[in-house]
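Residue-level structure breakdown
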Amino acid sequence: MFLENPSANWNYDQICKSRYFDISWINILEITELNFVNIIRNPNFSIEWVRQYPYLDWCFLTISTNPKFHISWMKMFPLANWSYRNIVNNNNFRIEWIGVVPKLKEFISCCNISNHNFQIKWLETYPDLGWNYANISKVKDLTYEWVMKNQEFKWNKYDLLLNRNFMRSFTLHNLRTFFKYIKIQKWWLDIYYSPRTNVGKKRLKRKYDELFEY
């Protein structure tokens, strides 16, 4: 349709957002009309497009937010204007990336710790980094034991109640505590009523003495 009517009033923004969009289209489209932010946000986007056409007006700040982003992309384009803040806040962020690009440590406060990929062990491995603990109660693998061990944090009780893993571990903790008490009570009753233990012998003697008091 475009080839048949190239001079028509085409909506280039919608073309860039199209689910059929492919980077090869730039060979027939007017490049100055293209919105590269929309191209980067297109679900078909691939870093290979950037490698294939490095001279185009790519926005690396937006690429840093792409859901397909991987730390290897920074190695491909080390001189690009990457956004460390966006990379740390990207849903794909992994703690291993700070070993590849140490500068990411400076922006760790931008890491959303309520992100599904976030793991509580990251805080244990790197306790000195500037973590933003605002959403710590939402961490998916948070446990009751970890909360008890770190009571200095400002825990959000509402978020804890909605945190499935926390509530599961809290329930298991209470069950274990309950069964410990039951075990102790059973142990004490066995000793108390046994005629072969010192406690049991004293109890029987006391009962025997009480009978003759009357």
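Criteria and cut-off values
Residues numbered from 1 in each chain as written. Predicted model: local features only at pLDDT ≥ 70, side-chain atom pairs only at ≥ 80, totals over all residues. Heavy atoms only, no water. Helix = DSSP H or I, 4+ residues; strand = E, 2+ residues; numbered from the N terminus. Buried < 20%, exposed > 50% of the residue type's maximum accessible area, 1.4 Å probe, protein only. Contact = heavy atoms within 4.5 Å. Salt bridge = Lys/Arg side-chain N within 4 Å of Asp/Glu carboxyl O. Polar contact = N/O pair within 3.5 Å; in protein donor to acceptor, adjacent residues only side chain to side chain. 1 Å grid on protein atoms, 1.4 Å probe; cavity = no way out; pocket = protein on both sides within 12 Å on 5 of 7 lines; lining within 4 Å. Points joined across faces, edges and corners; volume = space filled by probe spheres on them. Nonpolar A, V, L, I, M, F, W, Y, C, P; charged D, E, K, R; others polar. pLDDT = per-residue confidence, 0-100. Phe/Tyr/Trp six-rings, centres within 6.5 Å; stacked < 30°, edge-to-face > 60°. Lys NZ or Arg CZ within 6 Å of the ring centre and 35° of its normal.

Take the overall build of the protein chain next. Counting secondary structure elements, the protein chain contains 12 helices and zero strands. For the protein chain, the N- to C-terminal ordering of α and β elements is α-α-α-α-α-α-α-α-α-α-α-α. Looking at the protein chain as a whole, 35% of its 214 residues qualify as buried. For the protein chain, restricting intrachain contacts to residue pairs at least 6 apart in sequence, the fraction spanning at least 24 positions comes to 33%.

Here the idea is simple: oppositely charged side chains can pair when their charged atoms come close. Here the structure, examined in full by the defined rule, presents three salt bridges. Between Glu-48 and Arg-51 there is a salt bridge; the shortest N-O distance is 3.5 Å. In this pair, Glu-48 and Arg-51 are both assigned in helix α3 (residues 47-52), three residues apart and thus about one turn of the helix distant. With a relative accessible area of 47%, Arg-51 lands in the partly exposed category. Here Lys-103 and Glu-106 are joined by a salt bridge, their closest N and O atoms 3.5 Å apart.

The next thing to look at is the side chain of Asn-66. Tracing the backbone through its elements, the reader meets Asn-66 in the loop between α4 (60-63) and α5 (72-76). Polar side-chain contacts of Asn-66 include one of 2.8 Å to the backbone oxygen of Ile-40. Once you skip the residues sitting within four places of it in the chain, Asn-66 turns out to touch Ile-40, Phe-45, Trp-73 and Asn-90.

If you trace the backbone, Arg-168 turns up in helix α11 (residues 164-193). For Arg-168, a relative accessible area of 47% gives the class partly exposed. It is 8.5 Å that separates the C-alpha atoms of Arg-168 and Tyr-144, two residues lying 24 residues apart in sequence. For Arg-168, the side chain forms a polar contact with the side chain of Asn-165, separated by 3.1 Å.

So, on to the layout of surface pockets. Computed from the structure, the largest pocket encloses a volume of approximately 200 Å³. What lines the largest pocket is Met-1, Phe-2, Leu-3, Trp-10, Gln-14, Ile-15, Ser-18, Trp-25, Ile-28 and Leu-29. Of the residues that constitute the lining of the largest pocket, the class distribution is eight nonpolar, two polar and no charged.

A few words now on the confidence of the model for the protein chain. One rule of thumb: low pLDDT means the predicted coordinates there are not for detailed reading. Mean pLDDT over the protein chain stands at 86; residues scoring 70 or higher make up 82%. Within the protein chain, the element-level pLDDT minimum falls on helix α12 (residues 198-213), averaging 62, and the maximum on α4, averaging 97.

What follows deals with the packing of aromatic side chains. Any pair of aromatic rings gets described here by the distance separating the centres and the angle formed by the planes. Within the structure shown, the criterion is met by 26 aromatic pairs. Ring centres of Tyr-53 and Tyr-55 lie 6.1 Å apart, and the angle between their planes is 80 degrees; on these two criteria the pair is classed as edge-to-face. The exposure class of Tyr-53 is buried, given its relative accessible area of 10%. The ring centre of Tyr-84 lies 5.6 Å from the NZ or CZ of Lys-103, which sits over that ring.

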